[in-house]
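Structural features, examined
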Amino acid sequence: QVQLVESGGGFVQAGGSLRLSCTASGRTFSSTAMAWFRQAPGKEREFVAALKWSDSATLYGDSVKDRFSISRGYARNAVNLQMNRVEPGDTAVYYCAATSYSLRNYYDRVTYDYWGQGTQVTVSS
């Protein structure tokens, strides 16, 4: 069984920064990409960012581009999300995801077959 564990969520004031981390544990698996999604109350789960291992390419949602940055973690199958200049609209539960598929639409949640439990991020104005 593969488990993704997120950490680093919490409260932050608008304009501040927060760093989320995600690490995989359990049985060995090879992911082709890892990503972050978020879900605010009453809204659909939204793509935030993804990192492809093959070419280290990064993808970002329009609402976080130029403010958030995804990067490799120290461990295998680990990623970080650096959140800068956060806004109240960034308030959501943030989920880490991993996929073993390649040549897929990495913006789409259905591409990912492993998910974390989520970590709450609350931005106050």
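These remarks concern the structure in this document. As the structure is a prediction and not an experimental result, all values here were calculated from the model. Each chain carries its own residue numbering, running from 1 in the written order of its sequence. Since the coordinates come from a predicted model, pLDDT governs what is reported: local features require at least 70, and pairs of side-chain atoms require 80 or more to be given and counted, while whole-chain, interface and lining totals use all residues. To obtain the side-chain values, all non-hydrogen atoms of the structure were used and water was disregarded.

**Looking at the pattern of salt bridges**
Proximity of charged atoms lets side chains of opposite charge pair with each other. Note on definitions: salt bridges are taken to be side-chain nitrogens of Lys or Arg within 4 Å of carboxyl oxygens of Asp or Glu. Counted by the stated rule, this structure contains six salt bridges. The residue Asp55 makes a salt bridge to Lys52 at a minimum N-O spacing of 3.9 Å. A salt bridge links Arg67 to Asp90; the nearest nitrogen and oxygen atoms lie 2.8 Å apart. With Arg67 in the loop between strand 6 (58-60) and strand 7 (68-72) and Asp90 in the loop between strand 8 (78-83) and strand 9 (92-99), this pair connects stretches of sequence that are 23 residues apart. We note that Arg67, like Asp90, is buried. Look at the salt bridges and you will find they share partners, linking Arg38, Glu46, Arg67, Glu87 and Asp90 into a network. Elements are defined by DSSP. Helices are runs of H or I of four residues or more, strands are runs of E of two residues or more, and each kind is numbered from the N terminus. Whether a residue is buried, partly exposed or exposed follows from its accessible area with a 1.4 Å probe, protein chains only, as a fraction of its type maximum: under 20%, in between, or over 50%, in that order.

**Considering the nonpolar core**
Definition used in this section: a nonpolar core is a set of buried Ala, Val, Leu, Ile, Met, Phe, Trp, Tyr and Cys residues joined via side-chain atoms within 4.5 Å. Among the nonpolar cores identified, the biggest contains 29 residues, and Leu4, Trp36, Val79, Leu81, Met83 and Tyr94 are the most heavily contacted of them. For this core, the elements supplying multiple residues, two or more each, are strand 1 (2-7), strand 3 (18-26), strand 4 (33-39), strand 5 (46-52), strand 7, strand 8, strand 9 and strand 11 (119-124). Not counting chain neighbours up to four residues away, the residues in contact with Leu81 comprise Leu18, Arg19, Leu20, Trp36, Val48, Ala49, Phe68, Ser69, Ile70 and Tyr94. Counting nine residues, the second-largest nonpolar core is a separate cluster that includes Ala35, Phe37, Phe47 and Ala50. Residue contacts are counted whenever heavy atoms from the two residues lie within 4.5 Å of one another.

**Here we look at the packing of aromatic side chains**
Stacked, tilted and edge-to-face are the three classes applied to pairs of Phe, Tyr and Trp rings, where Trp contributes its six-membered ring and a pair requires centres within 6.5 Å; stacked means planes under 30 degrees apart, edge-to-face means over 60, and tilted covers the rest. By the definition in use, this model includes five aromatic pairs. Where Phe37 meets Phe47, the ring centres are 5.6 Å apart and the plane angle is 80°; that geometry is what we call edge-to-face. A residue pair is termed long-range when its members are at least 10 positions apart, and Phe37 in strand 4 and Phe47 in strand 5 qualify at 10 residues. You can call Phe37 buried: its relative accessible area is 1%. An aromatic cluster of at least three residues, connected via ring pairs, comprises Phe37, Phe47, Tyr107, Tyr112 and Trp115.

**Quick notes on the state of the cysteines**
Here, two cysteine sulfur atoms that lie within 2.5 Å of each other are counted as a disulfide. Summed over all chains, the structure comprises one disulfide. The side chain of Cys22 participates in a disulfide bridge whose partner is Cys96; the two sulfur atoms lie 2.0 Å from each other. Judged by the sign of its S-S torsion, about -80°, the bond between Cys22 and Cys96 is left-handed. Of this pair, Cys22 sits in strand 3 while Cys96 sits in strand 9, and the two are 74 residues apart along the sequence.

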